[in-house]
Amino acid sequence: MKPEARHAVCPGSFDPVTYGHLDIFGRACQLYDEVWVAVFHNASKNALFSVEERVELLRETTADLTNVKIASFQGLTVDFCQKHGAGVIVRGVRAASDFDYELQMAQMNYGMGGIETVFIPTNPLYSFLSSSMVKDVAKWGGDVSPHVPPVVQSRLIERLRQD
């Protein structure tokens, strides 16, 4: 096994991080020696939290995962992987529709940089969960406590009160 195959990247926007994300990170940590959670900066998306805030929330919510490192990036995931010596991208897949898109991305990443992609099926408890849904529920005063850690819930409520 190539040394970089022991290092993985979980890329995403994580706006905000959910228990579904944390489940994938935890499972990836059991498979790989080092797991980078890479917060993608996409200027064309209108994020609720800044990249710095998302990195901070991820650091707080993954503190118990000793082999996780958090970073932000802009550009190609393949470039991030190569810069950090990771040979694997880990993606959680909720449904067949996710897989269709993720397969195309996996093939592109392999073709561009020889980076493998490993798909982890989402825990059924989180199969419906998305950051967008959490933001919508929180926006209308719904209870998001089953879906996000307490620190994320309080930051969501605080942020939505400002808007």
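As a starting point, this report considers the structure included with it. (Residues numbered from 1 in each chain as written. Predicted model: local features only at pLDDT ≥ 70, side-chain atom pairs only at ≥ 80, totals over all residues. Heavy atoms only, no water.)

## Some details on the overall build of the chain
So, point 1. The secondary structure content of the chain amounts to six helices and five strands.
So, point 2. What you see in the chain, going N to C, is helices and strands ordered as β-α-β-α-β-α-β-α-β-α-α.
So, point 3. Relative to its length of 163 residues, the chain is compact, with a C-alpha radius of gyration of 16 Å against a globular reference of 15 Å.
So, point 4. In terms of overall dimensions, the chain has C-alpha extents of about 50 × 30 × 30 Å along its principal axes.
So, point 5. In the chain, which comprises 163 residues, the proportion classed as buried is 45%.
So, point 6. Sequence-distant contacts, at least 24 apart, represent 77% of the contacts inside the chain between residues at least 6 apart.
So, point 7. About 8,800 Å² of surface is accessible on the chain, with carbon and sulfur atoms providing 53% of the total.
So, point 8. A gap of 2 Å separates the mean positions of the 15 positive and 19 negative side-chain charges of the chain. (Helix = DSSP H or I, 4+ residues; strand = E, 2+ residues; numbered from the N terminus. Rg over C-alpha atoms; globule rule 2.2 N^0.38 Å. Buried < 20%, exposed > 50% of the residue type's maximum accessible area, 1.4 Å probe, protein only. Contact = heavy atoms within 4.5 Å. Areas by Shrake-Rupley, 256 points an atom, 1.4 Å probe, with all protein chains shown as cover. Lys, Arg positive; Asp, Glu negative; His and termini not counted. Charge placed at Lys NZ, Arg CZ, Asp CG, Glu CD.)

## Quick word on the side chain of Ser 131
So, point 1. Secondary-structure assignment places Ser 131 in helix α5 (residues 131-139).
So, point 2. Side-chain polar atoms of Ser 131 contact the backbone oxygen of Pro 16, separated by 2.6 Å.
So, point 3. Discounting residues that sit within four places of it in the chain, Ser 131 has contacts with Asp 15, Pro 16, Thr 18 and His 21. (Polar contact = N/O pair within 3.5 Å; in protein donor to acceptor, adjacent residues only side chain to side chain.)

## Let's talk about helix α4 (residues 96-113)
So, point 1. Compared with an ideal rise of 1.5 Å per residue, which puts 18 residues at 26 Å, α4 spans 25 Å between its outermost C-alpha atoms and is within 8% of the ideal.
So, point 2. Those residues of α4 lying buried are Asp 98, Glu 102, Ala 106 and Asn 109.
So, point 3. Buried-residue contacts for α4 involve α3 (77-83), β4 (88-93) and β5 (116-121).
So, point 4. The positive-phi residue at the C-terminal boundary of α4 is Gly 114, with phi of around 70 degrees. (Expected span 1.5 Å × (residues − 1).)

## Considering the environment of Ala 28
So, point 1. Mapped onto the elements of the fold, Ala 28 is located in helix α1 (residues 19-31).
So, point 2. Judged by relative accessible area, which is 0%, Ala 28 ranks as buried.
So, point 3. Other than its neighbours up to four places away in sequence, Ala 28 contacts Cys 10, Val 35, Val 90 and Ile 120.

## Digging into the nonpolar core
So, point 1. Membership of the largest hydrophobic core comes to 33 residues, with the highest contact counts inside it found for Phe 25, Val 35, Val 37, Leu 58, Val 68, Val 90 and Leu 156.
So, point 2. Elements with a minimum of two residues in this core: β1 (7-12), α1, β2 (34-40), α2 (51-61), β3 (68-73), β4, α5 and α6 (150-162).
So, point 3. Per-element tally for this core: the top contributor is α1, with five residues.
So, point 4. Not counting chain neighbours up to four residues away, the residues in contact with Val 37 comprise Cys 10, Phe 14, Phe 25, Leu 58, Val 68, Lys 69, Ile 70 and Ala 71.
So, point 5. Grouped together as the second largest cluster of nonpolar side chains are eleven residues, Trp 36, Ala 71, Phe 80 and Ala 86 included. (Core = buried A, V, L, I, M, F, W, Y, C linked by side-chain atoms within 4.5 Å.)

## Some details on the packing of aromatic side chains
So, point 1. Within this structure, the stated rule accounts for five aromatic pairs.
So, point 2. When the centroid spacing of 5.2 Å and the interplanar angle of 70 degrees are considered together, the rings of Phe 99 and Phe 119 count as edge-to-face. In this pair, Phe 99 sits in helix α4 while Phe 119 sits in strand β5, placing the two residues 20 residues apart along the sequence.
So, point 3. Given a relative accessible area of 33%, Phe 99 falls into the partly exposed group. (Phe/Tyr/Trp six-rings, centres within 6.5 Å; stacked < 30°, edge-to-face > 60°.)

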